[in-house]
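Summary of structural features
Letter by letter, the chains look like this.
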Amino acid sequence: TGTLTLNKLSVDKVNIQPYSGHSIEDILKYGALSTNIVTEEPIDMVLWESYPESKALKDSYKTTKFIPFNPVDKFTCATIMDLKTGKSFRVLKGSPQVVLSKAYNKDELDSAVNAKMTEYANRGFRSLGLAYAEGDGLDGNTKWLMLCLLPLFDPPR
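Positions within a chain are numbered from 1, following the residues in the order the chain's sequence is written. Given that the model is predicted, a residue must reach a pLDDT of at least 70 before its local features are reported, and side-chain atom pairs must reach 80 or more before they are shown or counted; all residues, however, enter totals for whole chains, interfaces and linings. Calculation of side-chain values draws on the structure's entire complement of heavy atoms; hydrogens and water are dropped beforehand.

1. Describing the side chain of S34
Tracing the backbone shows S34 in the loop between α1 (24-33) and α2 (42-50). Residue S34 is classed as buried on the basis of its relative accessible area of 0%. Polar contact is defined as a pair of N or O atoms within 3.5 Å, subject to the rule that within protein one atom must be able to donate a hydrogen and the other to accept it, and that residues adjacent in sequence are counted only when both atoms are side-chain atoms. A polar contact is formed between the side chain of S34 and the backbone oxygen of G31, at a distance of 2.6 Å. For S34, the residues in contact, after removing those within four places along its chain, are D44, L47, F66, T76, A78, V91, K93 and L130. Numbering of helices and strands starts at the N terminus; helices are DSSP runs of H or I of at least 4 residues and strands are runs of E of at least 2. Only protein chains enter the area calculation, which uses a 1.4 Å probe; residues under 20% of their type maximum are buried, those over 50% are exposed, and those in between are partly exposed. Note on definitions: a residue-residue contact is assigned when non-hydrogen atoms from the two residues lie within 4.5 Å.

Written out as structure tokens, the structure is:
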């Protein structure tokens, strides 16, 4: 980003492709919760800013663990505690292929996700996968639900 582009990343909310039955607003909320805005990483910042109520999230949720992106694994993972219920959940974001590979129903979603990624690429979008799992993962029982593909746009110079 920024070399051949304007470095003005945005989420095309109209073209978000949900796979989980969640509303676009819920998807944007989970996207915002998946971020670590302290580092001001561009994807985290655009996801945080894309959710209109992002500032209020700090009153209801707390990030208890954050696994940053690395080029080998190609994802980040935030463990979040709902302060009202005390229950934890995780939000995974990253390369769509990696996020899809972790989904419990990956075989069912595979062709639709790959077709949508190709469509986004043909229209100049980058794709970002987003998934959700209940619990903190410490019990070893993780069922990742692929929430969506997010189309990210960074206009060319």
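Now, onward.
2. Focus: α1
One turn of an α-helix holds 3.6 residues; hence residues three or four places apart share an orientation. Of all the 10 residues making up α1, 7 are buried; the element is thus mostly covered by neighbouring parts of the structure. Listing the buried residues of α1 in full gives I27, L28, K29, Y30, G31, A32 and L33.

3. Section: the packing of α1 against α2
The contact between α1 and α2 brings their axes to 8 Å, and the two run at 140°. Between α1 and α2, the angle is such that the two are oblique. In this structure, the crossing between α1 and α2 has a hand that is left-handed. Here L28, G31 and A32 of α1 lie close against α2, whose contacting residues are L47, W48 and S50. Lys, Arg, Asp and Glu make up the charged group, whereas Ala, Val, Leu, Ile, Met, Phe, Trp, Tyr, Cys and Pro make up the nonpolar group; the residues left over, Gly among them, are polar. When the residues that make up the contact of α1 with α2 are grouped by side-chain class, the tally is 4 nonpolar, 2 polar and no charged. With axes taken as lines fitted to C-alpha atoms, and helix axes fitted only over the stretch in contact, angles between N-to-C directions fall between 0 and 180 degrees. Angular relationships are summarised with four words: roughly parallel below 35 degrees, roughly antiparallel beyond 145, roughly perpendicular across 65 to 115, and oblique for the angles in between. Here a crossing is called left-handed whenever its near helix is offset anticlockwise from the far helix by less than a right angle, and right-handed whenever the offset is clockwise.

Worth remembering: the numbers are spatial, not functional.
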